[in-house]
Amino acid sequence: MNEQQIIETFKTKFQPQLTTGLRGSYRVPSDKSISQRALIFAALAQGTSEITHLLPAADVQHTQKALTDLGIQIVQRQRLTWVVGQGGWQFKPLATRPQLDLGNSGTGTRLLLPLLSRQSFTSQLVGDASLSQRPLTNFLEPLQKMGAKFSGGNYLPLTIQANQQLHGIAYQLPVASAQLKSALILAALQADTPSQLVTLAPTRDHTERLLRLFGVPLAIQGRTIKVLPWQRPLQATALTVPGDPSSAAFMIVAALLLPDSHLQLNNHSLNPTRIGLLHLLQQIGAPIVIGSSDQLAAEPVGQIGVQSLTDRAYPPLQIDQHNLGQVIDEIPILSLLATQLTGTSVIKQAASLRHKETDRLHVITEQLRLFGAQITEQSDGLTITGPTKLHLPTEPLNAYDDHRIAMMLIVASLVLGQKIPIAGLGSIATSYPDFLTDLIQLSQGA
Ligand code: S3P
């Protein structure tokens, strides 16, 4: 579904008044992070890679279009995507204009940056209004130390100068970010000397897993990643994209908060760096069962069973730098859940949330307060005291074009049992275009 169809579906088909719980069995939509990495790595590889279940969402399509503009041939038929790799690190010079439009895709932008940093041609990255407000300082500084040349400020639009050489780096990452880790790994593989990267805290490890699948092993010990120059091409492969736990999170929390839910989620990621939400739910004693695991694209996947929370009091959530990386995209929906738990949930050391699609600490606070939530914003986190019976917002809701805020507000209106107009819903197309149809189907017992 595109943005307009999402807005239309909300207007014409979404009926929270009729909803009881979510029931049935459902395939979690494909992972956005893995889809974009799979396309990019396949573009660099020697041979044709076959990707099954690439996520058909706007962010992935922007990354795909950028690769096509860079001369990569990509063919799609239903669930299959074939990428004819260029067999090396050098893209063909951009044919007509040097500009690559990444739309809202932060991951596409940040993973293409290190690749465009060592090309024989100059390129320019542009994005939509939200992406153009997200600082790139943490990326540009180490890449410049490695020899990359940029002009413009620390934001998109950004010009990346033609450059023949990158050098290795010994670098301690100042933030816990999988995007930064991935960008520096990709730069380090193209460098002329070895690199050593020390991460701050665990973050999603899809780059490490997928690179291995494409034939590039990395030496990882604890928080240290040693990267040797890799002048050879990656090797094409076939892979199936597992489900995205950050999309499934909205269904899981909706199932918990609505009465009479019996939901089974298939193809759910069981990657330890992504399932912080499942662990938090287990810790508070929520009715959730994690099934045994299978492997897809070097990633563990499995089945999750969820039922409604019972009438008993569930304790609050504690999120800090130790588990933040595993729930970085789930904070909006976990904040909604926290309003229904007993006691004060604390989210701290989470200042990076101010630089997501919106300033999420601020927007979550503003929007949940409209429902009567007791929520306070700190410089690096939130405190949320519950349980609060949500009430009808007296002012219009606004997702500010942030897909994860939009889906959280839809779940909040389901819990309230009232249909409330929400501005900025079209942004759901970024990561989960079928969210509303899946939700409607499951609330009818699919
Ligand atoms: C992503 C990593 C996370 C996440 C983003 C996708 C990725 O960002 O918020 O939606 O694909 O690596 P950071 O690693 O910058 O926190």
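## Quick word on the overall build of the chain
Consideration 1: For the chain, the count of helices and strands is 13 helices and 24 strands.
Consideration 2: Taking 22 Å as the expected radius of gyration for a compact globule of 446 residues, we find that the chain reaches 21 Å, a close match to that expectation.
Consideration 3: Taken over the C-alpha atoms alone, the chain extends approximately 60 × 45 × 40 Å along its principal axes.
Consideration 4: Counting across all 446 residues of the chain, residues that qualify as buried make up 58%.

## Concerning the domain arrangement of the chain
Consideration 1: In terms of domain boundaries, the chain breaks down into domain 1 (3-28 + 242-443) and domain 2 (32-229).
Consideration 2: Spacing between the C-alpha centres of domain 1 and domain 2 amounts to 29 Å.
Consideration 3: Facing the 26 residues of domain 1 at the interface are 22 residues of domain 2.
Consideration 4: When domain 1 packs against domain 2, close to 2000 Å² is buried across both sides, 49% of that on carbon and sulfur atoms.
Consideration 5: Summed over the three residues of domain 1 that lose the most area to domain 2, namely R274, E357 and T430, the buried surface amounts to 24% of that side.
Consideration 6: Our enumeration of links across domain 1 and domain 2 arrives at two salt bridges.

## A few points about the pairing of strand β5 (residues 80-84)
Consideration 1: Residues T81 and V83 point to one face of β5 and are all buried, whereas L80, W82 and V84, pointing to the other face, are not buried.
Consideration 2: In this sheet, β5 lies alongside strand β3 (residues 48-52) in antiparallel orientation, the contact comprising five bridges. Residue pairing in the sheet places E50 in a bridge with W82 of β5.
Consideration 3: Sheet topology places strand β4 (residues 73-77) next to β5; five bridges connect them, and they run antiparallel. Following the sheet pairing, I74 is matched in β5 by V83.

## Some words on the sheet that holds strand β21 (residues 374-378)
To summarise the sheet geometry, strands pair through backbone hydrogen bonds and adopt either a parallel or an antiparallel arrangement.
Consideration 1: With mixed pairing, four strands are arranged side by side in an open sheet as β19-β20-β22-β21. Each edge of the sheet is formed by a strand with only one pairing partner; in this case those strands are β19 (318-319) and β21.
Consideration 2: Strands β19, β20 (343-347) and β22 (381-386) of the sheet are contacted by helix α10 (residues 331-338), whose axis makes an angle of about 30° with β22.

## Examining the site of the ligand
Consideration 1: Residues in close proximity to the ligand include S33, R37, T107, S177, A178, Q179, R204, I328, D329 and K356, which together make up its full environment.
Consideration 2: In this structure, an oxygen atom belonging to the ligand sits 3.1 Å away from a main-chain N or O atom of Q179.
Consideration 3: Considering the ligand on its own, with 390 Å² of exposed area, one finds that the protein chains cover 92% of that surface.
Consideration 4: Of all the elements in the fold, those that place two or more residues in the shell around the ligand are α2 (32-44) and α6 (178-189).
Consideration 5: Here the residues of the shell around the ligand are counted per class, giving two nonpolar, four polar and four charged.

## Points about the sheet that holds strand β6 (residues 99-101)
Consideration 1: Taken together, four strands build an open sheet; the order of strands is β6-β7-β9-β8 and the sheet is mixed. Only two strands of the sheet have a single partner each, and these edge strands are β6 and β8 (150-151).
Consideration 2: Pairing geometry for β6 and strand β7 (residues 123-126), over three bridges, is parallel. Looking at the pairing, Q99 lines up with Q124 of β7.
Consideration 3: Against the sheet, helix α4 (residues 106-116) touches β6, β7, β8 and β9 (158-160), its axis set at about 170° to β7.

## As for the packing of helix α11 (residues 360-369) against helix α12 (residues 403-416)
Packed helix pairs are characterised by how far apart their axes lie and by the angle those axes make with each other.
Consideration 1: Interhelical geometry of α11 versus α12 gives an angle of 20° and a closest axis separation of 11 Å. As judged from the angle between their axes, α11 and α12 are roughly parallel. Crossing handedness for the pair α11 and α12: right-handed. In this structure, α11 contributes R360, V363, I364, Q367 and L368 to the contact, and α12 contributes H403, R404, I405, M408 and L409.
Consideration 2: When its residues are assigned to classes, the contact of α11 with α12 shows six nonpolar, two polar and two charged.

Basis of the calculations
Residues numbered from 1 in each chain as written. Predicted model: local features only at pLDDT ≥ 70, side-chain atom pairs only at ≥ 80, totals over all residues. Heavy atoms only, no water. Helix = DSSP H or I, 4+ residues; strand = E, 2+ residues; numbered from the N terminus. Rg over C-alpha atoms; globule rule 2.2 N^0.38 Å. Buried < 20%, exposed > 50% of the residue type's maximum accessible area, 1.4 Å probe, protein only. Domains from an automatic or database assignment. Contact = heavy atoms within 4.5 Å. Buried area = accessible area lost by both parts, 1.4 Å probe. Salt bridge = Lys/Arg side-chain N within 4 Å of Asp/Glu carboxyl O. Pairing = 2+ DSSP bridges. Axes fitted to C-alpha atoms, helices over the stretch in contact; angles between N-to-C directions. Near = heavy atom within 4 Å. Polar contact = N/O pair within 3.5 Å; in protein donor to acceptor, adjacent residues only side chain to side chain. Areas by Shrake-Rupley, 256 points an atom, 1.4 Å probe, with all protein chains shown as cover. Nonpolar A, V, L, I, M, F, W, Y, C, P; charged D, E, K, R; others polar. Parallel < 35°, antiparallel > 145°, perpendicular 65-115°, else oblique. Left-handed = near helix turned anticlockwise from the far one by under 90°.

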